[in-house]
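What follows is the residue order along each chain.
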Amino acid sequence: MLSLSSLMGTAALMAESDDAQAAIEWAEHFQKNYRLMTDEEKAEARARLEKRYSEEYGKQVTVDTTPAQPGVLMGYALNIRKCIGCRRCVHACVAENNQSRGKNRPGEKIEWIQVLRMERGKFDAEKMNHGYPEGLGIQVGGNAYTPVGQVLEGQYHYTPDLVPEKDATYMPIACMQCEKPPCVKVCPVRTTYREPDGVVVIDYNWCIGCRMCMGACPYWARRLNVTNPVLPKEEMNPVTHYLGNRPRMRGVVEKCHWCLQRTRHGRYPACVEVCPVGARKFGNLLDPNSEVSLILARKNVFRLKADLNTFPKFFYFYD
Amino acid sequence: MKKIALYTTIFALFGGALYVAVAAGKTGAATQPAEAQAATTEAAPAQPAAAAETAAAPADAAKEPVVCFESRKGASEVTQREIRPGWPNVKCSPTTGAALWYGDPFDGTVPMGKMPGLENIPEGHALVKPRSEKLAILPMCATACHNGVGPKFTPPTLPKDKKPTPIPTMEGLLPELKEFQHGRGRLWCLDCHHTTQRNKLVDNFGDPIDFDQSQLLCGKCHGDKLRDWRDGIHGKRIGEWASDGKKRWFLCTECHNPHNVQQGERNRGFAQLQPEPPPPLPKGMPDMKHELVHPVAH
């Protein structure tokens, strides 16, 4: 069925409306999937979006379309022993990436990074034979009554006066930029895909909001704009990327993209720059001298849910 | 023919009107956030202290500069200012006063001095934030007391041995020395500070080290950490991610308190901080107690 909006666009054109918005909607509606667009079409889309966002937010907004650079495979490493759970990365991400930040309705506030607080267990001598079933000990990790090892799942809403707390470990999670991303496999409109530099991105214009990717992602990394995004003009970051932090619409899924608008131009992601303990490291996996390559060479590294064969490029390490 | 033209005009008019109506609905949706924002600012005075302060902040911003701390409290700080219109050099957290976003990572930096092992990094690509303005009192130490003149200081009374002795004057000036905690009692002032040049640190041979190169001093003992820091694995850097990119390197003392390295609950070398606010609770959850329940039923 020819949708209503296209009909309206046609009508507006026929009426020879001098409203610029009409032509924008027309062009936007018939825009191709970003991967199929020619350079001219990308430039056109870019100019159109820049004009629209600049008018909407009252400042000069740039929409970058820089492609992946050859010889770059982005990688991320996080020192899990250093993380103090201060959530500065979460809020830096919001300041950089134009997420919705409303307070009044559920779903209006979107944060891409979640910091998990986990209890530290103890392998005490007297607890060694506790567990379930009785007598088998720590192999089964204890039970609800006699915890052995780490028992709780993560807590997201911890609010102590000071962090880090004693007997707590913090584990920030966000998009792991998998090499074999389950979200890409399930996307029915192929709007989310892996870029040649390794980042999994979303063409927001083609997202239909079906949330298949949210169900497929084993890392709870994706967020849906349930409401119209609340983005105050003064807080909007005017430096954007088409596949990255440009303002989203209602009904599209978004997630971490390692600050493409920064990293494509050589700059660290925002979360790396604000981490007060320097737990977050970012670099080129193909460069043997990069921070991430050196961490992989020297430190003890693990990946979250490695058994799922998603091959994340987000590595946790400890000294 | 005329009739068709008329129908077309009618259709176009109708379509146009419908379009305008839909567009109006869209702008209505777009203005909604602004209204919501206005509602929250109106609600602000009802809440005490903190909310009122943030509401008053924009008015005071002209005279009172916003200063936020970067890594730990009491170390390096940034003063917020606009680099270009609508683009601040740093954004600060309204709740904790921490630096949350860098508009210019190289703001107020100088090239780092020479250090072995940095041959691959191009000149001027390793930057540090100088501590000179924060150390304004240190040159005074050398003129006021440790000047080599005066009854107590002719000749300068340097201690005969390295046994730590409490110095009441110094403890009065620097209260944190009372809980001095570094090396578990095996270190004292002159292991790190130069004996005669008070605005310098000291290396193993008694030669002075600049305060902007504190890694050379700390690396005397913490060599493994120095190696990791030099390679970018330990410590914080901001700027460009390429291995030979232009970066601001955070120095040891910007994150660790050298006079009390073990402060904090976990004794991990980093003092405790106030965390940023948590995400909103799930719909219908009054508090966070559901997170404390073991999710698997036994």
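Going by the structure above, here's the rest.
Residues numbered from 1 in each chain as written. Chains lettered and ligands numbered in written order. Predicted model: local features only at pLDDT ≥ 70, side-chain atom pairs only at ≥ 80, totals over all residues. Heavy atoms only, no water.

Caption draft 1: Inspection of the sheet that holds strand E2 (residues 74-79) of chain A at higher detail. Residues and elements named next belong to chain A. Read across the open sheet, the four strands follow the order E10-E2-E12-E11; overall the sheet is mixed. On the outer flanks of this sheet lie strand E10 (280-284) and strand E11 (300-302), each paired with one strand and no other. Recorded for the sheet is a direction-independent mean angle of 30° between the axes of neighbouring strands. Summarising the sheet, E2 and E10 pair through five bridges and their orientation is antiparallel. Of the residues in E10, the one forming a bridge with methionine 74 is asparagine 284. Against the sheet, helix H9 (residues 291-298) makes contact with E2, E10, E11 and strand E12 (314-318), and its axis sits at roughly 105° relative to E10, the strand it touches most. (Pairing = 2+ DSSP bridges. Helix = DSSP H or I, 4+ residues; strand = E, 2+ residues; numbered from the N terminus. Axes fitted to C-alpha atoms, helices over the stretch in contact; angles between N-to-C directions. Contact = heavy atoms within 4.5 Å.)

Caption draft 2: Region of the structure containing the pairing of E12(A). All names here are of chain A. Of all five residues that make up E12, four are buried, and the element is covered over most of its length. Here E2 runs beside E12; their pairing, made up of four bridges, is parallel. Each bridged residue has a counterpart across the sheet, and for tyrosine 76 the counterpart in E12 is phenylalanine 314. For E11 and E12, the ladder comprises three bridges, and the chain directions are antiparallel. Within E12, the position partnered with phenylalanine 302 by the bridge is tyrosine 316. (Buried < 20%, exposed > 50% of the residue type's maximum accessible area, 1.4 Å probe, protein only.)

Caption draft 3: Spatial organisation of the environment of Ile295(A). All names here are of chain A. Among the secondary structure elements, isoleucine 295 is positioned in helix H9. Among the residues examined, isoleucine 295 registers a relative accessible area of 0% and is labelled buried. Isoleucine 295 sits 23 residues away from tyrosine 318 along the chain, and the two C-alpha atoms are 9.4 Å apart.

Caption draft 4: Representation of the sheet that holds strand E12 (residues 247-249) of chain B. All names here are of chain B. Spatial strand order, E7-E8-E12-E11: four strands in an open sheet with mixed pairing. The open sheet has two edge strands with one neighbour each: strand E7 (110-111) and strand E11 (237-239). Sheet topology places strand E8 (residues 126-128) next to E12; two bridges connect them, and they run parallel. Paired with leucine 127 across the bridge in E12 is arginine 248.

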